[in-house]
Amino acid sequence: MLRFLLRRTFGAVLILLLISAFTFFMYYAIPQDPATLACGKNCTPDALAIIHKNLGLDQPIPVQYWKFLVGIFAGRDFAVGHCPAPCFGVSFRDQQMVWDTIMDRFPLTLSLTIGGLIVFLIVGLGTGMIAARYRGTWLDKVFSSLSLVLSSFQIYFLGPIVLGIFVYSTGWLDKPKYVPISENPGQWFMGLLIPWIVMSVIFTANYTRMARSTMIEQLQEEHVRAARAKGMAGRYVFFRYAWRGSLIPILTILGMDLSALLGGAVVTEFTFGLAGIGRLAVESVVGKDLPKLMGVMLFSAAFILLLNVIVDAMYAVIDPRVRLS
């Protein structure tokens, strides 16, 4: 088990290095001088030279990249002050520490991602399991039909409809907003309820169909039939044998859907006017702000890879063959 997780962790670190190198060197393919972003409209050659020196832009690009990597683990010193580890540099535009900016925005994106994940797993797997349990009945047909309809919706299309019905027309729910859970758990939950539901609709539909098909396959397996032949209770066989076996392919697909889930959080932020990591990423691209862009890219990739490692660990717990391989 430990060796399995170490291999996954080593692979994640290698992927992060490749992402950072690709993003860093591709950025400098843009002909515009990044120092002009910090210099402003009334920029003079002397002021531009000072900014180049303060931001370390007067050094060769490979040296800048090496110092960026070192800063992540050891911190760096800038003209605006010391940047402690993990240091992603200083923004070219607002001269703020990138790590501090990310930490201000990340709780919102984390709340959206984890909340949406919990909603679509509970609803999607639950409805899929019920549909498989009562295969061929009207309940199965209703859930299967709803999953096909809901899978065609998109966040930017469904979001305004839900807002128009539940916020502006009926007033049943408040307009989405982010309140830290540490300040008011109730307002945190209600403020993100609509984004969670809208973001999880597509995933819920997909996982309903997936859970139904995998559960039906598991119910036809020899070991499940043998358990039934021994006289075990149908509910016990359903959850002890069939349900556990159906989780293996679902976890595999979940690991591949994590990046799509984070992408859904980005679209959700724009749809409901929430300021999270997604909006910060777009701001960094539009503003050609390399430190913010690098910080968001690496932080988001590390977050996705961490979730993948957790999924791999769960996969190893469910399937003993993984631990023995």
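Residues numbered from 1 in each chain as written. Predicted model: local features only at pLDDT ≥ 70, side-chain atom pairs only at ≥ 80, totals over all residues. Heavy atoms only, no water.

Novice: Is there a simple way to think about the confidence of the model for the chain in this case?
Specialist: Low pLDDT means the predicted coordinates in that region are not meant to be read closely. Taken as a whole, the chain shows an average pLDDT of 80; of its residues, 90% reach a score of 70 or greater. By mean pLDDT, the top-scoring element of the chain is helix α5 (residues 98-133) (88), and the lowest-scoring one is helix α13 (residues 320-324) (55). (pLDDT = per-residue confidence, 0-100. Helix = DSSP H or I, 4+ residues; strand = E, 2+ residues; numbered from the N terminus.)

Novice: Would you take a moment to explain the state of the cysteines for this structure?
Specialist: Note on terminology: a disulfide is the covalent bond linking the sulfur atoms of two cysteines. Taken as a whole and assessed by the stated rule, the structure comprises one disulfide. Linked covalently through their sulfurs, C83 and C87 form a disulfide whose S-S length is 2.2 Å. An S-S torsion of about 115 degrees defines the bridge between C83 and C87 as right-handed. Owing to a relative accessible area of 0%, C87 belongs among the buried residues under this scheme. (Disulfide = S-S within 2.5 Å. Buried < 20%, exposed > 50% of the residue type's maximum accessible area, 1.4 Å probe, protein only.)

Novice: Quick question: what am I supposed to make of the packing of aromatic side chains here?
Specialist: Taken as a whole and assessed by the stated rule, the structure comprises 13 aromatic pairs. Measuring from centroid to centroid gives 4.7 Å for F106 and F299, while their planes differ by 85 degrees, and the two rings are edge-to-face. Note that F106 is positioned in helix α5 and F299 in helix α12 (residues 290-318), a separation of 193 residues in sequence. Assigned by exposure class, F106 and F299 land together as buried. One aromatic cluster in this structure is built from F24, Y65, F68, F88, W99, F106, F299 and F303. Cation over ring: R279 sits above F270, and NZ or CZ is 5.3 Å from the ring centre. (Phe/Tyr/Trp six-rings, centres within 6.5 Å; stacked < 30°, edge-to-face > 60°. Lys NZ or Arg CZ within 6 Å of the ring centre and 35° of its normal.)

Novice: Is there a simple way to explain helix α8 (residues 185-219) in this structure?
Specialist: Along an α-helix, a turn takes 3.6 residues, which lines up residues three or four apart on a common side. Taking 1.5 Å per residue as the helical rise, α8 with its 35 residues ought to reach 51 Å, whereas the 41 Å between its terminal C-alpha atoms falls clearly short. If you check the start of α8, you find a side-chain oxygen 3.1 Å away from the backbone N of G186, and it comes from N184. (Expected span 1.5 Å × (residues − 1). Polar contact = N/O pair within 3.5 Å; in protein donor to acceptor, adjacent residues only side chain to side chain.)

Novice: Is there a simple way to explain the nonpolar core in this structure?
Specialist: One recurring pattern in soluble globular proteins: nonpolar side chains tend to sit buried together. Ranked by size, the top nonpolar core spans 56 residues in total, and within it F68, F88, L112, Y207 and L254 carry the most contacts. Among the secondary structure elements, those contributing two or more residues to this core are α1 (2-27), α4 (61-74), α5, α7 (155-169), α8, α10 (234-272), α11 (277-286) and α12. If one sorts the elements of this core by residue count, α8 sits on top with 12 residues. Setting aside anything within four residues of it in sequence, one finds F68 in contact with F24, R76, C87, F88, M294 and L298. Grouped together as the second largest cluster of nonpolar side chains are 10 residues, M215, I216, L219 and F238 included. (Core = buried A, V, L, I, M, F, W, Y, C linked by side-chain atoms within 4.5 Å. Contact = heavy atoms within 4.5 Å.)

Novice: Sorry if this is basic, but what is going on with the side chain of S111 here?
Specialist: Within the element layout of this structure, S111 appears in helix α5. When its relative accessible area of 11% is taken as the criterion, S111 is described as buried. Those residues within four positions of S111 in sequence are excluded, and the remaining contacts are G116, Y178, W188, L192 and W196.

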